[in-house]
Structure formats: C-alpha cells, structure tokens
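Here is what each chain is made of, one letter per residue.
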Amino acid sequence: MSRTPPARHRGPLAAATAAALLLPVGAALAVPAAAAVSPDAPVVIDEVYGGGGNSGAAFNQDFVELYNPTDQPVSLDGWTVQYASATGTWANGAQTALQGQIPAGGSYLVAEGLGANTSLPALPTPDATGTIAMSGTGAKVALVRSTDRLSCTGAACATSADVVDLVGWGASANAFAGSAPAPATTNATSVARRAHANSADNAADFATGTPTPVASGTDPGTDPGAGEDATIAEIQGTGATSPLAGKTVTTTGVVTATYPTGGFDGLYLQTAGTGGDPADDATPGASDAVFVYSRAAAQELEVGDHVEVTGPVSEHSGLTEVTADAWTVLDEPGTVEPLATTWPATDAGREALEGMLLAPQGDFTVTDNYDTNFYGTIGLAAGSSPLVQPTSVGRPGSVEAKEQAEDNAARALLLDDGASTNYGSAANSAQPLPWLTGGKPVRVGAAVTFTRPVVLDFRFDAWGLQPQHRLTPDVAADVQPATFENTREATPEHVGGTLQVGTFNVLNYFTTTGDQLTGCRYYTDRAGDPVTVRDGCAARGAAQADDLQRQQTKIVAAISALGADVVALEEIENSATFGKDRDQALSDLVDALNAHDGAGTWAYVASPADLPGSEDVIRTAFVYRTAGAEPVGSSRILDDPEAFGNARQPLAQVFQPAGGVAADPGDDVVVITNHFKSKGSAGPWPGDADSGDGQGASNESRVRQATALVAFADDVAADAGTDAVLLVGDLNSYEQEDPVVVLTDAGYTDLGPTTGEYTYAFDGAVGSLDHALASPGLVDRVTGTDIWNINAYEPVANEYSRYNYNATILYDETPFRSSDHDPLLVGLDLAPAAPAWSAKATYTKGDRVVFEGGLFEALWWSRGDRPGASPYGPWAEIGAPVVTAAGTFPAWTDTWVYGKGDVVVHDGHRWVAKWYSRHDEPGASPWGPWKDLGTV
C-alpha cells in the first residue's frame, strides 16, 4: 500500500503540472529546476525526527519522511537529503543519497542514525538509509536535486535553485523556508506538516507531535493477515491516545463520512447502534467512532455502509486512526444516530466524542472567518457571542483577563469543509471557495444554525466539526451543514447631536500606486497580475490604477454612508514621501467623495505650516462635510520625535458645527486623530519586547505616545479656549491595555465599550484597537456612539486586495470590507455658549451675544442696538482664534477695542498694537497703531 500520513493541518495539495497530466501511467515525473522553495514543490519534506534511540524516544532511529503531492510518481535519482546543525554550515553536516521513485500521493522514508537504545520500536522498512545523527531539538534539513553539498547560508538557502524543500526547526535554526523555523522538538516528538501543508513557510506548515514514520509500504490489495478484534471504543480508550496504538486490529462500524478527495484521504466509522441521546451512551469516556485512513476505502465505501476494517492503530497529531489494510461490507445492516449534544467544554469531553456524528445543540457564533478565504475553515464559538481578546476585558495578567482566555479556550472550535485544500495557492485557486458564495456573508458575530449532522474531528491542532462529505459550491445544497445569520447593517446607528465625528483606518490608501515607482514587489492574483504592494518601495497600497479604483470605490462608499460630519483618517498616504504636496492623496480622496456625493460636499483639513522633520509614509488626516462642520483655525501636529519616532504623529483640529460662531468656544471641539505604534514589532525602548502578557510588542512605545498625547491635548485645548476634547484613532491597544489606561487615568472616557461592539478581529477573537475618548468637559455632551461593523467582521475575501485570488470573486462596490478596521461614530451636542442677540433684551457691560455668525461683547448698556451696525457702537466683535507657529491669537475685528501690546492676526500677518486702536485696520497706514510682526 502506498501510505501517506493523515491530514495534520490545513495546507495546500499541489496540483500536478500540465506536463505531468500527459505522462503515461507509471512514468516518473521529470521535475524541472525551480528558483526557490515553493508551495508548488513536487516533493516536500513531510516529517523530521531527530530523537531516535534517546531517552523517552518513540523509535530507535532518526528519520526524514518525504511526500509527493502530485498525481504522478517523481524520480529521486541523483537527489540527496542534506543535514546541518541549527547554526552550522552545510559543509560541516552530512547527507544521504536517494534513489528510485516516490509514488504519486505517497511517502518515502529515509532512515537516519540509530540511537543508543536499539531496543525501542524500529521504523517501518525504509526506502533509503543513511547514518546522520540528527538533533532531537532543532537543526535543518534540505531536500536537494543534486549530490553536491550546499554552500548557501541563512535565508538564501530557500532560494537556491537546487533546493526542492527546506525545513529548519527550533528557534535557533538559521535556515528555513518562510517567516520562521518550525517549532523545536523533543526525543518524543517530531515536526510534521499538517495535512501535507506547503505554503513554503515552516512556521505555518509544521507542528510538533508523536512521530509517524511512513514508507512506501505495500499494495492496498495485499492480505495483511488477521488483526486483533476490538470495538471502536476499545481502540479509542478513555485517554488522549489509543491503548492499542501500534497494534493491528479488526473492528466494525457504520460509515458516517467519506473524504476521498481534498487531502483527508479517509472516512469516519462509528459503532452501529450508537448516538442519539447522550444518556444512552454505553461507553462513557470512550468514543464510539474512529477515523479510518485509506483513500481507496473512502472512494469505494459510502455513508451508511456497515463494514469490517482491519489495519494498524496509530496517533497522528492527536487524531486516533486505523489505517485500513483491508475492508469488507457486511451483510447485516447497521445504523447510527447523530448524538444530540452541546459543545463539550473540556478536552476530555471532546476526546470522549472524537469522530462521532453529532447534532449540535445550543447556540454557536462565528468568531473567525480569516482562514475561510484560504482553507475553507470557519472559527466558531460555542454560545451567543464571539471570543473576545482577554485584554479587552481585563487588565493584562488580571483574573478577568485569565478567565476570558479560559473561556475562549473552552468555547473555540472549527467548522471545516472536509478538506485540507489551500484555495489561495496557485495550484488550487481555480477551485471555488466553499462557504463564501457572494451575497451570503459569513460574518464574525453571526449566529450559526446547523441543518445537517457533522463529525467531531481533531486536526489542524484544533477541535472542529466536519461535514459528512467534502463541501464544494456545486454540492453545497446537499452537503453544507450550517447556515449563518446575516448581520450586515447598511448604515450605522443614529448617534444624535449637532456634530457627528467618525474615525476610520483606511488600510493604506495610497494614490501613488506601485507601478509608478521602481523596485516594488507585489502580492499577485491567481493570474500573476499585481494587486497590492508587498515591499521594495515606499508605496504600501494598490499596485495599479485598477486596484486603486477598487479600493477607493469601497472606501468612498463607506465614508459616505458613515454619516459623519468630520472623519478622522488613519493610514492614508503621506504624499510628501513621493515629492508631491503632502495633501495630494487626501485631495484625491476628497475629489472622489465629491464625485460620489456631489461637488462641494466634502473638504479636507490642510496640513499645518509647521511639520516634523521626519514622518512615516502613512499619516493621519481629516475630511469633513462642508454642510455639517467647519474647522476653526489651523490644524496642529504633535512634533515629538522621541515619543513618535516609530509612529504617526497626532493631528489636531478644532471643529464647530457648520454655521457656528468661530469666536465662541462654546460650540468648539478639539479632535485629535492618532495612529500609535503597532504590536507587530518591538520598538527601541526597554519595555518594547513582547512580555507575553497579551499586549504584544512595543507596549512601552505606545505608553510614551499616550503620555505625550495627553500633554499635547491639554496645550491645544488651552489655546482653543475649550475643555471639549475628543481623542480618536487607531491606538493599536485593546481596551484594558496600558496605553488606553494612560488616557483614562488622565480623565478621558473610552466611549467604545458602551457599544457592545468591537473594531477589530484577530486570531479568532474580537477587540477594539480603534477608540474615541472624551475629555471630562465633553463626555456629558456625547449623545451617542456606534461601531459600524462593516470591515473587521467581514471575510477578508471581500477585500479589494483579494480580488481574483480565487475563482470565486467576492469583491463588490459596497462599504463591506473596505478596510480591516471598523469605523467608529460619535454624536456631540455642541451649542454656542452665548445666546443669540435680541432687539428686545437689555444688555450691560460684559454681556456676550451671537449675531449673524459673530460673537459680540457689550461695552456698555445697550437695548435695540444691532451688533456691528456701527464701528463705534456698544458692541465689539470678538475675533476668532487663529493658530500660528507663535501661538493662538484672535482675528482682528473693526469694532473691538485694542490696547497697547495686543496681538491680532489679519491678512495672513500678526500685528501688535502700539497704542489704543478701534476701527483702525492693520496695514492700512504705515503711521497707524499697528506694527507688522510678519506672516503667520
């Protein structure tokens, strides 16, 4: 039998090349040289074990197992397996020559050095034998299409033309494929690909587990001999591993699920008469179902067949299985009933049901749809809510955070498609995605309704539910076991107020596309066409004009429908990076908004005159509806190179409702938009390393940024003459993390938690990285807050950046998945502090009134005197504050009474009064009362 290991984790099954499809049956595939380790490799290193013969080892010998994912045999003549220590050179390592063929869809076992304890179990008969004594904890192995010893070092080995595949394992391995090495091993564990996963990234593809050496084996038709009779419950036992592992058994059961294609290569078998009511379980603690590994059996047998199966029992990364060497359909009928049960909250409870056919009871909620775009997997949470980031609920290290983490672990499960196919790989992108079909979103937070039985399965290092057959769009009507609530909202909730302020991270909106620059490298679609910039140049967004148009269409639709008067933006291009006006991309976005909503509907806040000496390629910004809001004065940026050397500088702007009184701070609000340092990499400060408390890397940087922001907000508010401050933006910190606490300890109120919603989804849990925090002087004027879940809860497949990644194109022109962060909307009740002037009222000195958009103060008793009617009357107009580099000063008005030393702004200049002045326009006469202090 040509034996391949069972699915261990989601991964690509590389398709045969066009040339291979033309080969006669039995011919070996001639493999052309490749330029680098690739997801389309014709042969992969599937498992590596270096603890053989040591204390606690599973076998007496080390081994390297290869796997052929193609539909044709591959010749290994002239190839070698080469080994080196974790940090050593290949020249100081060793190698083993290979010969013969590795069968299509089959394995090839290379036995290496024997350990001291040769009495331990021996390997299956290997296909090649070497003498390499491999490390039991970490090293590196290369599959090379040559007998020449490798001379490459580090990351370059993954790009060597002779290297077919490369695996580094253990943290110190200095050569590996992808982002990082595979995890370290022990004498008792190996690293193995999860379901032959090959994304060309060792860290993503490999997991540790019990060694499972597999050789080419015998033909499936060969009589294996009689096995020990055992029930399925006896095979499963009551622990995490089978008490009969390593023994050949004969057992019977009813086929409940078959997976002849898609990578599982097997079926599920359950003892006849079991299931139904949990109270009738005759084998408590032991499952009555088991996975049977055999592609041939899965092809031949059907759900409902009552069969006898013979084969060895093994554990493959936590999944108990019988490898079917022989099977017979029995004459006597047998049936099973789906077990009606809620989700078991413990591993022991799940082990007791492993492989059984279930009719899930109770509530289930979608909590993760990121991998749905790649592997057809949906993360679920048992219960009526998704999983939540622990530091959204409690302070890092707190009891509350720990309890949330435990709750997440108890409630998490996968809903899969019965396959290990990576639909995002080049080999499989022509296969349409399951679950996602366009117009029927699978959103985080959506309630799940099970409509068919499912099998409780353990693979991909997680517990999950499988359909009874592989799910593909063409059979969904008969196979798909669940439906999902549509939780989309066309518009956000009404938040009230006289001014609505939103914040929106616009996902690297760059109008300078990659094709306008040199050196850019790209993420490409399934046709190889660039879609987004990967690296190599300063651009970060769309690759070409058509990609930008798709991105812009969705962003414009989202901003327009948000209904905000003011929108604070994060992750928009800093056009100065490309030799353009700093506001060019911002201007381009406003042009697009006006094309969508009508000329003059939108405007942007211009950059301040004084800018930091160094800025990121992305920046913060403001756009606003001209009919709803008015900027008061100029914008200001926080220039603090120490605190913000690795983040985007905060931008502040005073706003008032349209038609407000510029000189009256009563209807003003200071809005400051922010984008703190991300969690993904460590900054320069001692506390920036990820401490493992849930706050991620660069926490100290974000704390310093929050501290600097508080001081900056105080300064801006004081200059504006208001205590109404709204801090908004992407703080890259969840609700209970240190940077947010710095702000709340300073008196600000985080408005997001009042919504019961979250702005971001990561690693299967939701939390808010985006915030709106109101100052003590503003919080009582907040009329409402809403997080509009149009992005974070949506599948990434809907994003412009995934256009044509798969045969199922889910892009549309709606706001949904216009970014990866959700916008947040706040309503504010802002009214002028002064009342409107009345001709019938009596005023005395010092009274203030609002009249025709101006703020006036009575200089003496007045009744019926219209403000501004005379430059020498009882009313003096207060000038609106103007922000300059030298400070904030009032605009000159012709009715205010100025004394010596008063400073005003007029016609773009600052002026100082040399003596008493009223109705003397600055600059009108060189001999007048005003001295020019220069341009602002």
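Up top is the structure these notes are about.
Please read all numbers here as calculations on a predicted model, not as lab measurements.

On to the state of the cysteines, then. With the rule as written, the count across this model stands at 2 disulfides. Each disulfide pairs two cysteine sulfurs, and for Cys152 the partner residue is Cys157, the sulfurs being separated by 2.2 Å. Disulfide Cys152 to Cys157: torsion about the S-S bond roughly 110°, handedness right-handed. Taken as a pair, Cys152 and Cys157 share a single burial class, namely buried. Across the disulfide, Cys520 is cross-linked to Cys537 (sulfur-sulfur distance 1.9 Å). Between Cys520 and Cys537, the S-S torsion sits near 105°, and that sign places the bridge as right-handed. Of this pair, Cys520 sits in the loop between strand S29 (499-509) and strand S30 (521-524) while Cys537 is found in the loop between strand S31 (530-535) and helix H10 (545-562), placing the two residues 17 residues apart along the sequence.

The mixed open sheet is built from 6 strands, whose spatial order is S35-S36-S37-S38-S42-S39. Bordering the open sheet on either side are strand S35 (629-637) and strand S39 (749-750), each of which pairs with just one other strand. As paired strands, S39 and strand S42 (residues 770-774) are joined by 2 bridges and run antiparallel to one another. Each bridged residue has a counterpart across the sheet, and for Thr749 the counterpart in S42 is Ala774. Where helix H12 (residues 699-720) meets the sheet, its contacts fall on S35, strand S36 (648-657), strand S37 (669-675) and strand S38 (725-730), and the angle it forms with S37 comes to roughly 155°.

There is a patch of like negative charges on the surface, built from Glu228, Asp229, Glu234 and Glu308. Note on placement: Glu234 falls in helix H3 (residues 232-236). Judged by its relative accessible area of 44%, Glu234 falls in the partly exposed class.

Our focus in this paragraph is the packing of aromatic side chains. Counting across every chain of the model gives 17 aromatic pairs. A centroid spacing of 5.5 Å and a plane angle of 70° characterise the contact between Phe622 and Phe655, whose relative ring orientation is edge-to-face. With a gap of 33 residues between them, Phe622 in strand S34 (residues 618-625) and Phe655 in strand S36 connect regions that are remote in the sequence. Of the two residues, Phe622 and Phe655, both sit in the buried class. Between Phe644 and Phe676, the aromatic rings sit 6.2 Å apart at their centres with planes inclined by 65°, giving edge-to-face as the arrangement. Linking Phe644 in the loop between S35 and S36 with Phe676 in the loop between S37 and H12, this pair joins segments that are 32 residues apart in sequence. An aromatic cluster of three or more residues is present, and its members are Tyr259, Phe264 and Phe460. Sitting over the face of the ring of Tyr803, Arg550 holds its NZ or CZ atom 3.7 Å from the ring centroid. The aromatic ring of Tyr805 is capped on one face by Arg802, whose charged end is 5.9 Å from the ring centroid.

Conventions we followed
- Residues numbered from 1 in each chain as written.
- Predicted model: local features only at pLDDT ≥ 70, side-chain atom pairs only at ≥ 80, totals over all residues.
- Heavy atoms only, no water.
- Disulfide = S-S within 2.5 Å.
- Buried < 20%, exposed > 50% of the residue type's maximum accessible area, 1.4 Å probe, protein only.
- Helix = DSSP H or I, 4+ residues; strand = E, 2+ residues; numbered from the N terminus.
- Pairing = 2+ DSSP bridges.
- Contact = heavy atoms within 4.5 Å.
- Axes fitted to C-alpha atoms, helices over the stretch in contact; angles between N-to-C directions.
- Patch = residues over 30% accessible without salt bridge, like charges linked within 9 Å, V, L, I, M, F, W, Y side chains within 5 Å.
- Areas by Shrake-Rupley, 256 points an atom, 1.4 Å probe, with all protein chains shown as cover.
- Salt bridge = Lys/Arg side-chain N within 4 Å of Asp/Glu carboxyl O.
- Lys, Arg positive; Asp, Glu negative; His and termini not counted.
- Charge placed at Lys NZ, Arg CZ, Asp CG, Glu CD.
- Phe/Tyr/Trp six-rings, centres within 6.5 Å; stacked < 30°, edge-to-face > 60°.
- Lys NZ or Arg CZ within 6 Å of the ring centre and 35° of its normal.

Everything listed here is a matter of geometry and, on its own, says nothing about what the molecule does.
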